Amino acid sequence: MAKLILKFEQQTLKEVTLAADTLTIGRLPDNMLPIDNLAVSGHHAKVTWEQDHYVIEDLGSLNGTYVNNQRVGKAALQDGDQMLIGKHVVQFRDEAQKAVPAQPKPAASDSTVVLDTKKSQELLAGLAAAPGSNAAPIERTAMLSVLDGRTDQMQYMLTGKMTMIGKSSMASIRLKGFFAPNTAALISRRDGKYFIAASESKIKIKINGDDVSGQHELQDGDIVEVANIKVAFGFQE
């Protein structure tokens, strides 16, 4: 049975089972999953059953609906997906999906990334490197882990082509604090590589303690400092 888990700042507030074909999410009390927060629209989004899976659809909300840090109008849900509604996180869990082997996806897809265990990563890496293997190259998706500073989450999957760091409502990595810049930096993804650049000349970026300028390619294990936050950059298979 699928369910939604409502969280705020890592604290679980409520769990709702998806017993009906449609579940609405919003600030008004007539929603099946009400969220009492001004950042949430009256009728913000809905989760519906379509053929053999659940989807989330934004209902024209002011602040938008995000799935795994990527703004969506409508998107299919997979077990473990994290939806950002206003300032709250709604986690989707579906035990039935765990029993079904995941189908391989195109390497260039921007769909939800499921974190592999270390053992699975080593197995996949071995298959890719085996002589004569016809396996397609494994697309690596990066993740930022917050080490220091005030942000709306502690980890971010960089699944989009462009990721903004700042206080702006359009930023994927939301900074907190009165003096935080609206736009601090942009991380772009091209050909499986990630590049970071400051949004303005007055914004300073440090990589592993050294000042960098212009576009700088990020490497696995880099420590990035920008706009009073420190994050670790790393790849997931």
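Located above this text is the structure these notes cover.
This structure is a prediction, so every number in the text was calculated from the model and none was measured. (Residues numbered from 1 in each chain as written. Predicted model: local features only at pLDDT ≥ 70, side-chain atom pairs only at ≥ 80, totals over all residues. Heavy atoms only, no water.)

Enquirer: Quick question: what am I supposed to make of the nonpolar core here?
Expert: Considering soluble globular proteins, one finds that nonpolar side chains tend to be buried as a cluster. Core analysis: the biggest nonpolar cluster contains 24 residues, and I165 and V226 have the highest contact counts within it. Where this core is concerned, the elements lending two or more residues are β12 (141–148), β13 (155–158), β16 (185–190), β17 (193–198), β18 (205–207), β21 (223–226) and β22 (229–236). Element by element, the count of residues in this core is highest for β22, at 4 residues. Residue contacts for V226: discarding those within four places in its chain leaves I165, A184, A185, I203, K204 and I205. (Core = buried A, V, L, I, M, F, W, Y, C linked by side-chain atoms within 4.5 Å. Buried < 20%, exposed > 50% of the residue type's maximum accessible area, 1.4 Å probe, protein only. Helix = DSSP H or I, 4+ residues; strand = E, 2+ residues; numbered from the N terminus. Contact = heavy atoms within 4.5 Å.)

Enquirer: Please explain the packing of aromatic side chains as it appears in this structure.
Expert: Each aromatic ring pair is characterised by the separation of its centres together with the angle its planes make. Under the counting rule described, the total for this entry stands at 6 aromatic pairs. Plain terms: the ring middles of F233 and F235 are 5.2 Å apart, the flat faces sit at 80° to each other, and that makes the pair edge-to-face. An aromatic cluster is present here, built from W49, Y54 and F92 joined pairwise through their rings. One cation-aromatic arrangement involves K167 over F178; the distance from NZ or CZ to the ring centre is 5.9 Å. Lying across the ring of F195, R190 places its NZ or CZ 4.1 Å from the centre. (Phe/Tyr/Trp six-rings, centres within 6.5 Å; stacked < 30°, edge-to-face > 60°. Lys NZ or Arg CZ within 6 Å of the ring centre and 35° of its normal.)

Enquirer: For this particular structure, what's the right way to read unusual backbone geometry?
Expert: A negative phi angle characterises most non-glycine residues, just as the trans form characterises most peptide bonds. Non-glycine residue Q51 carries a positive phi angle of around 60°. Secondary-structure assignment places Q51 in the loop between β5 (45–50) and β6 (53–58). For Q51, a relative accessible area of 76% corresponds to the exposed category. Even without glycine at this site, A227 takes up a positive phi of about 50°. Take A227: it is sitting in the loop between β21 and β22. A relative accessible area of 21% means that A227 is categorised as partly exposed.

Enquirer: What is the right way to look at the sheet that holds strand β20 (residues 216–217) in this model?
Expert: By way of backbone hydrogen bonds, the strands of a sheet pair with one another, either parallel or antiparallel. Spatially, β15-β14-β16-β17-β20 is the arrangement adopted by the 5 strands of the open sheet, whose pairing is mixed. With partners counted over all chains shown, the strands left at the sheet margins are β15 (173–174) and β20, one partner each. Note: β17 against β20, 2 bridges, orientation antiparallel. Within β20, the position partnered with I196 by the bridge is H216. (Pairing = 2+ DSSP bridges.)

Enquirer: Even after reading the chapter, I still don't get empty space enclosed by the protein, so can you show me in this structure?
Expert: Take a probe with the size of a water molecule and roll it over the atoms, and the empty space left behind shows itself. Throughout the structure, instances matching the rule amount to 1 cavity of 30 Å³ or more. Estimated volume of the largest cavity: approximately 50 Å³. Lining the largest cavity are Y66, N69, L84, D152, S169, A171, S172 and R174. Broken down by class, the residue content of the lining of the largest cavity amounts to 3 nonpolar, 3 polar and 2 charged. (1 Å grid on protein atoms, 1.4 Å probe; cavity = no way out; pocket = protein on both sides within 12 Å on 5 of 7 lines; lining within 4 Å. Points joined across faces, edges and corners; volume = space filled by probe spheres on them. Nonpolar A, V, L, I, M, F, W, Y, C, P; charged D, E, K, R; others polar.)

Enquirer: Looking at this model, I keep getting lost on the pattern of salt bridges. Mind explaining?
Expert: It is possible for side chains bearing opposite charge to pair when their charged atoms get close. A full pass over the atoms with the stated rule returns 5 salt bridges. Between E9 and K176 there is a salt bridge whose closest N-O contact spans 3.8 Å. Within this pair, whereas E9 is found in the loop between β1 (2–8) and β2 (11–17), its partner K176 is found in the loop between β15 and β16, the two being separated by 167 residues in sequence. (Salt bridge = Lys/Arg side-chain N within 4 Å of Asp/Glu carboxyl O.)

Enquirer: How do you make sense of the environment of K204 when you look at a structure like this?
Expert: Mapped onto the elements of the fold, K204 is located in the loop between β17 and β18. With a relative accessible area of 61%, K204 lands in the exposed category. C-alpha of K204 to C-alpha of V226: the two residues are 22 residues apart in sequence and 6.3 Å apart in space. If near-sequence neighbours (up to four positions away) are discounted, K204 is found in contact with E225, V226 and A227.

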